[in-house]
Each structure stands twice: as structure tokens, then as C-alpha cells.
Amino acid sequence: MYIRQEDKPREECGIAGICGQAEAANLVYLMLYALQHRGQEGAGIITSNELGFNAVRGTGLVADVFDENKLATLFGSVAIGHVRYSTTGPSTEKNAQPLMVEYSRGNLALAHNGNLVNAEKIRNTLVQEGSIFQTSADSEVLIHLLARSREKEFLEALSTSLLQMEGAYSVLLMNDDTLIAIRDPYGFRPLALGKVGEAYVVASETCAFDLVGAEYVRDVEPGEILLINKKGLRSHRFAPKPKRQAHCIFEYIYFSRPDSLIFGHSCWEARRRLGRMLAQENENPADIVIPVPDSGVCTAIGFSQEADIPFEMALIRNHYIGRTFIEPSQSIRDFGVKLKFNVVKEAVKGKRVIVIDDSLVRGTTARKIIKMIRQAGAKEIHMRLSSPPVKYPCFYGMDFPTRKELIAATHSQEEIAKYLRVDSVAYLSHEGMLKAMVEDENNFCCACFNGDYPVDFNERHEKSAREIVSKEMDQQRIS
Ligand code: SF4
């Protein structure tokens, strides 16, 4: 049995690229380390030099895929890389990105973060017309659209291809000498531009820049294609600005690293403000505040400061389990969560404890953590969540379970408290969440909280869509 933290939406992908650096592969390799939290199922780097492309891709963590010898094969001053969590397609070596093809315009490599809602429709049409797909990754459709385009100029071909794609995509492309960064018109996923020396770098999060000594320049704009080569930087807008943007608010709440700038703003500050807001909105009868590490830490600090309740690191997380720990015996119950977290008994014994987490998805892990805190001697346990109830699935690249598995979609707050076995549970309100953000509230996608999906989904998601649109509440109850 594999150990997974079932209570969390799992991370999507991370991408990084560089142009104009003799050590391109080494720098992308380091940037992928910084982005490892965004995907642990596969990693890859492709470089370009005058002899063509060089690729190393595989399944597992960055440390599993690369070693000194493999990195030494990656010649060239342009490189793109990818860490993968498979929201579409199985996690096989074949699906590891960046993807790479040779077509009428030369070599092309692609790394993608996000999820296309119309990929299946495009794919079916292309297959019927004779296209042969190499992978099950939804982003492969862009390569086919580009290869089939009748436009003479590459930029025109790329723009018309992108206009056929719907959904969330931050993409890095690389041809023989150019790094190309693209963000969908709604800007669901982050993508930042930086500079190290004379070279430009692009990455999902700016924590990757810090590792290689790059300075943040700006975000790749939604609807923008950035072409970067020896001649410098060229910007092209391929789609008009939509009436609203749809930055994924969950990037601030949970997915991104707190040391990153996300959509141009500090994730660390956003989390502290979420914590402060959460403290303001609720009664907080407690002696100590403890975070569920790591994502709850910044929020709990903000909460503790606002509520004037001491912060304690009473839950200790083991970071060294890896992805493939095998449970030695089926008879050892809750072993997985115990392996990942332990409680400092001296910190909680006899205390009224507030436990801060960012979100509740299924509730299964939280329930086990609460049990451990109770067994360690806590007098009262109050759960506080720095986001509103997650009631709807995500179709834009985050791997949430179906609606009937989302505990807040099928249970009242009282039922959730009973299931978790806590003395109280409270969520941050939707208004409070938006108030904690610096950006305008119209800039965000909040669909997993309110069901207001910025981009329509079709076919592949029809079943789920019907499920959402219908107001029938699932009667399933956790016994
Ligand atoms: S539905 Fe939720 S997780 Fe998905 S993009 Fe929107 S805010 Fe992010």
C-alpha cells in the first residue's frame, strides 16, 4: 500500500526554462528541485544546441531521474524542464515531459502546466483525421495543431493553434534557438520571467529564481507569447484580454511555496493575511495554535498574532518518507499518517488546541491527525481552515476528487466536526478569503469553492458538470 496524503488536492506540474546560458541544463535542474512540490511523478529536461536536442526524462523525483552523467549529456544554452504530477494520462516514462518532436519547422519541445478542458475533443478530431499521438498528455494537442497549421509564419501558426485550446495552460516551448513562454488568456497558472546575468529564465514560481540567483522581472502576461533568443525578448499577444482573469486562488492557499511571488505577489504575506482573517472571523477558545505542516505554518503564525494565542510547532512532519513506502502490515492501522506526522505530547497535554490547516478535501488525514493530538492528551481540539469549504472539483489542473468525495459537498459543518471528532470546526468565509488577497477579486478563479467556472468544460467533463449543475446533494453519509 502506498502512503499518500489523501486529504490534500495533489499538486499539478512545474515548468522552468532558460535561454542564453552555457550551463542551461544545470540551472534548469536546480530550478526543478525548487519546483519539486508541484509534481513528484516524473521529471525531464531537454536542451538545444547546434547538433539538435538532448533529452533526459523519467519517472520519479528530480533526484531519481538525474545524475551527474545524465546531466553531462545535456549540451546547449537553451533548456526547458518539467516536474510532473499527472492530472491527465498515467504516470509512465512515455508521458514524462518535456515532449519532443521533429516536424516541418524543425525540432520542438514542450512543457505544460495546467489542464485543457477541450483536449479530448481536439484529440478525437485529429485522430479521425489521421494524427498519431505519442502520449496521453493533453498538451500534445498543441504540437499537432502547430504541425498541421497552414500559416507560414511560426508565430501566426502558434497563435491560431493556441486560440483553439480552452482551459488552463502555462506552457514552455523550445525550438532550435528560442525559448517560448505562453500563458492562457485567463492566467490560471502562474508563470514568471526572471534574469540571471544576460540570460532570461522562466519558471512556475519565483522560488526557482532564488536558487539560481535570478532576479524576478515580471509575470508572463495572460494571453501573451514571449519569444526569447539571442536577439533578446519579443512579446506578442495572441488573445484579447477576457473580461475577467482567473488566477487560481488555491496557489496562494496551498499549492505554491510561501517563498514565491505568485501572480506578482508574496505567497507568504497572503497566507499570513488568510490566518489573520480566519482569527478575526471566529471565536478562538484555546491555549495554543498549532499548524498542520508545512502548508499551515504561515497561516498559523498570522492567526496566532491576530488572536494573541501562542504558536507551537506541536505537529512534526517527517520529510523523508518518499513516495513509495510500503506498509509492512495491513494490521497496523493509521500507520501512514503516523509515519508522516508525530505530535509533541509535552506541547499539547492538558491544553485547548487550535489546529490550523489550509483546506479540507476528503477529511480522512485530518481525522487521523486529530486522533493523534487527542491521544497525546489535548483537552479540547478546535479545527480552523484558512479557506472556505471545497465543494466542487477542479477542471483546470488540480487533482481534486469527485464531488461526492469532497466532505464539504456532502456534509454540514456540524457533521464534519463530528466526523473529525473535534470540539469545533470553522472555515474562512469566501469574503474573508478574497479580502485577504491583494489582487482584485475579479482576478481569481474560486470555482472549487463556489462552482463559478470561468471556462466552460465539455465532453470529458460532462458527467461531472451535470453532477455540479444539479443541486441534488449526495445523500452519502460517513458512518
Ligand atoms: S477550481 Fe480551484 S483549484 Fe481549480 S483553478 Fe479554480 S481555484 Fe484553482
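The following refers to the structure shown.

### Observations regarding the overall build of the chain
- Secondary structure assignment for the chain yields 18 helices and 23 strands.
- Within the chain, the proportion of its 479 residues that are buried is 51%.
- Considering only intrachain contacts with a sequence separation of at least 6, the fraction spanning at least 24 residues in the chain is 72%.

### Here's the deal with the pairing of strand β4 (residues 78-84)
- Summarising burial for β4: seven of the seven residues are buried, a large majority.
- By the alternation rule, side chains of β4 split into Val78, Ile80, His82 and Arg84 and Ala79, Gly81 and Val83, which are all buried.
- Judged from the six bridges that link them, strand β1 (residues 14-19) and β4 form a sheet pairing that is antiparallel. Residue Ile15 lies in a different strand from β4, and its bridge partner there is His82.
- Bridge count between strand β2 (residues 42-49) and β4: seven bridges; the pairing is antiparallel. Opposite Thr47, over in β4, you have Ala79 as the bridge partner.

### Details of the packing of helix α9 (residues 267-281) against helix α10 (residues 297-307)
- For the pair α9 and α10, the least separation of the axes is 7 Å and the interaxial angle reads 45 degrees. With respect to their mutual orientation, α9 and α10 come out oblique. Considering how the two elements wind past one another, α9 and α10 form a crossing that is right-handed. Across the interface between the two elements, Trp268, Arg271, Arg272, Arg273, Leu274, Gly275, Arg276, Leu278, Ala279 and Gln280 from α9 touch Cys298, Thr299, Ala300, Ile301, Gly302, Phe303, Gln305, Glu306 and Ala307 from α10.
- Looking at the contact of α9 with α10 residue by residue, the classes come out as nine nonpolar, five polar and five charged.

### A look at the site of the ligand
- Taken together, Phe188, Cys248, Ile249, Phe250, Cys394, Tyr396, Met398, Cys445, Cys446, Ala447 and Cys448 make up the full set of residues adjacent to the ligand.
- Looking at the shell around the ligand, its residues break down into 11 nonpolar, no polar and no charged.

### Examining helix α6 (residues 154-162)
- When we look at burial in α6, the residues that qualify are Leu158, Ser161 and Leu162. Viewed end-on, α6 has its buried residues packed into an arc of 95 degrees, placing them on one side of the element.
- Tucked into the core, α6 has its buried residues touching α5 (140-148), β8 (179-183) and β12 (224-229).

### Quick look at the sheet that holds β12
- One open sheet accounts for six strands, arranged β5-β6-β7-β8-β12-β13; its pairing is antiparallel. With partners counted over all chains shown, the strands left at the sheet margins are β5 (99-103) and β13 (232-237), one partner each. The mean angle between the axes of side-by-side strands here comes to 20 degrees, regardless of whether they run parallel or antiparallel.
- Pairing of β12 with β13, which is carried by six bridges, proceeds in the antiparallel orientation. Bridging across to β13, Ile225 finds its partner in His236.

### Examining unusual backbone geometry
- Following Gln97, the chain continues into Pro98 via a peptide bond in cis, with omega recorded as 0 degrees.
- Structurally, Pro98 can be placed in the loop between β4 and β5.
- A cis amide bond links Pro293 to the next residue, Asp294, at an omega of 0 degrees.
- With respect to the secondary-structure elements, Asp294 resides in the loop between β17 (288-291) and α10.
- A positive phi is found at Arg421, a non-glycine position, where the angle reads about 60 degrees.
- Inspection of the secondary structure puts Arg421 in the loop between α15 (413-420) and β22 (424-427).

### Side note on the sheet that holds strand β20 (residues 352-357)
- With respect to topology, four strands assemble into an open sheet ordered β17-β20-β21-β22, the strand pairing being parallel. Since the sheet does not close on itself, it has two edges, and those belong to β17 and β22, each with one partner. Across the sheet, the mean angle from the axis of one strand to that of its neighbour is 20 degrees, orientation sign disregarded.
- With four bridges connecting them, β17 and β20 associate as parallel partners. Among the inter-strand pairings, Val289 is bridged to a residue of β20, identified as Ile354.
- Contacts between α10 and the sheet are confined to β17, β20 and β21 (380-385), with β17 contributing the most and set at about 165 degrees to the helix.
- Strand contacts of helix α13 (residues 364-375): β20 and β21, with the helix running at about 150 degrees to β21, the strand carrying the most contacts.

### Structural notes on the pairing of strand β6 (residues 106-116)
- Across the 11 residues of β6, nine count as buried, placing the element largely inside the fold.
- Bridge count for β5 against β6 is five bridges, and the pairing is antiparallel. Its bridge partner lying in β6, Met100 is registered against Ala109.
- The turn joining β5 and β6, which pair antiparallel and follow one another in sequence, is formed by two residues.

### Description of α13
- For α13, which comprises 12 residues, the first-to-last C-alpha distance of 17 Å matches the rise-based estimate of 16 Å (1.5 Å per residue) to within 8%.
- Positioned one or two residues after α13, Gly377 has a phi angle of 105 degrees, which is positive.

Conventions used here
Residues numbered from 1 in each chain as written. Predicted model: local features only at pLDDT ≥ 70, side-chain atom pairs only at ≥ 80, totals over all residues. Helix = DSSP H or I, 4+ residues; strand = E, 2+ residues; numbered from the N terminus. Buried ≥ 20, exposed ≤ 12 C-beta atoms within 10 Å, placed from the backbone. Contact = placed C-beta atoms within 7 Å. Pairing = 2+ DSSP bridges. Axes fitted to C-alpha atoms, helices over the stretch in contact; angles between N-to-C directions. Parallel < 35°, antiparallel > 145°, perpendicular 65-115°, else oblique. Left-handed = near helix turned anticlockwise from the far one by under 90°. Nonpolar A, V, L, I, M, F, W, Y, C, P; charged D, E, K, R; others polar. Near = placed C-beta within 6 Å. Arc of directions from axis to C-beta. Expected span 1.5 Å × (residues − 1).

The quantities given are spatial measurements derived from coordinates; they are silent on function.
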